[in-house]
Amino acid sequence: MTPRPTHRTTRRRSGEGLQRSMVLDIPLPMVIVALVATAALGLQLAVALEQSTSGGGRSVTSVDATGASGMNSAGLPVVTETGIGPEVQRLIDSGVMQPSTSFDAGLCLTEQGIGDSILIIEEVAWSADETRAWLLVHGPVDRETLRANGGTVSATVVLPSCGTQDGADPSTTRLWTGDVMIGSL
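Residues numbered from 1 in each chain as written. Predicted model: local features only at pLDDT ≥ 70, side-chain atom pairs only at ≥ 80, totals over all residues. Heavy atoms only, no water.

Visitor: Which residues make up the overall build of the protein chain, and what are the values?
Guide: If you tally the helices and strands in the protein chain, you get 4 helices and 8 strands. The N-to-C order of helical and strand elements in the protein chain reads β-β-α-β-β-α-α-β-β-α-β-β. For the protein chain, buried positions account for 28% of its 185 residues. Considering only residue pairs separated by 6 or more positions, the protein chain has 57% of its internal contacts joining residues 24 or more positions apart. (Helix = DSSP H or I, 4+ residues; strand = E, 2+ residues; numbered from the N terminus. Buried < 20%, exposed > 50% of the residue type's maximum accessible area, 1.4 Å probe, protein only. Contact = heavy atoms within 4.5 Å.)

Visitor: Account for the pattern of salt bridges, naming residues and giving values.
Guide: Taken as a whole, this structure holds 3 salt bridges when the rule is applied. Sharing partners across several salt bridges, the network here consists of E87, R90 and E122. (Salt bridge = Lys/Arg side-chain N within 4 Å of Asp/Glu carboxyl O.)

Visitor: Give me the pairing of strand β7 (residues 151–158): which residues, what numbers.
Guide: Counted residue by residue, β7 has 6 buried out of 8 residues, so it is predominantly covered. Judged from the 5 bridges that link them, strand β6 (residues 131–139) and β7 form a sheet pairing that is antiparallel. When the bridges of β7 are listed, W134 appears paired with V158. Across 8 bridges, β7 lies against strand β8 (residues 174–182) in antiparallel orientation. Counted as the bridge partner of T152 is M181 from β8. (Pairing = 2+ DSSP bridges.)

Visitor: How would you sum up the pairing of strand β5 (residues 117–126)? Please name residues and give values.
Guide: Among the 10 residues that make up β5, 8 are buried, leaving the element largely enclosed by the rest of the structure. Note: strand β4 (residues 77–79) against β5, 2 bridges, orientation parallel. Opposite V79, over in β5, you have W126 as the bridge partner. Bridge count between β5 and β6: 9 bridges; the pairing is antiparallel.

Visitor: Tell me about the state of the cysteines, and please be specific about residues and values.
Guide: In a disulfide, the sulfur atoms of two cysteines are held together by a covalent bond. For the coordinates displayed, the defined rule picks out 1 disulfide. Note that C108 is cross-linked by a disulfide to C162, the S-S spacing being 1.9 Å. An S-S torsion of about 95° defines the bridge between C108 and C162 as right-handed. Of this pair, C108 sits in helix α3 (residues 105–112) while C162 sits in the loop between β7 and β8, and the two are 54 residues apart along the sequence. Looking at C108, the relative accessible area reads 0%, which means it is buried. Here C162 falls in the buried class, since its relative accessible area comes to 1%. (Disulfide = S-S within 2.5 Å.)

Visitor: Describe in detail the nonpolar core, supporting the description with residues and values.
Guide: Soluble globular proteins tend to pack their nonpolar side chains together in the buried interior. Core analysis: the biggest nonpolar cluster contains 19 residues, and I84, V88, L135, V137 and V153 have the highest contact counts within it. If you list the elements that add at least two residues to this core, you get α2 (84–94), β5, β6, β7 and β8. The next biggest cluster of nonpolar side chains, apart from the first, holds 9 residues, and it includes I121, W134, L136 and C162. (Core = buried A, V, L, I, M, F, W, Y, C linked by side-chain atoms within 4.5 Å.)

Visitor: Help me get a handle on the sheet that holds β4, residues and values and all.
Guide: Spatially, β3-β4-β5-β6-β7-β8 is the arrangement adopted by the 6 strands of the open sheet, whose pairing is mixed. Every other strand in the sheet has two partners, leaving β3 (70–71) and β8 as the edge strands with one partner each. For β3 and β4, the ladder comprises 2 bridges, and the chain directions are antiparallel. Bridge pairing in β4 places M71 opposite P77.

Visitor: Lay out α3 with the relevant residues and their values.
Guide: Every buried residue of α3 is listed here: A105, C108, L109, E111 and Q112. Along the axis of α3, the buried positions cluster into a sector of 160°, meaning they face one direction only. Turning to α3, the residues buried within the fold contact β5, β6, β7 and β8. (Arc of directions from axis to C-beta.)

Here it is, written out as C-alpha cells:
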C-alpha cells in the first residue's frame, strides 16, 4: 500500500469560493434590501393618502355628484349655501341659459345695486324650506372666458319679486349673495 499523504493539497479554482447569488449582476442581499425599502415607502404613502382624503371635518362635493343639487317635486334644483358653488360650476360648464319670461334679471340686479353683466340665471328652490328663487350668476367677464380660464364670479339668490317693487328695500328680496370660485374646463 501506498502511504497517504499527510497534507492535502487543496486547489481552488479562482472565484469558486467567492461565488454568490446575483440577480442581474446585483448581489442578492442588495436586491432584498431595496425591495424591503420600496415596500416600506409604499406603505407610508398609502397611509398618508388615506389620512389626507378621509374625514378631517372637510367636505368636498364633486359637481357631478348626485348630491350636488337635488331636485324638488317641481323639478327645480334645491340649492343651499354649501351647495351653491357646485351648482354655479355646473351651470358655467353646461352653458345653459334659462329663459326668464316672468323675471327681469337686469332690473333686479340694478335694484340690488350690482353693475355686473348677467352670465347665467336659473330658477331654484332655495334652502331646506325650498323657497322659490332665482340664482343670478354675474361678473365682469363673459362666460366663454370664464369657462376657458376659470376665476371668481358673483352669485346672488333673490326672490321672484326682485325688480318688480319700486322703492322697496333690496334686502327684502335678496336671500343670499357671495363670490364663487370657478375652475376652467
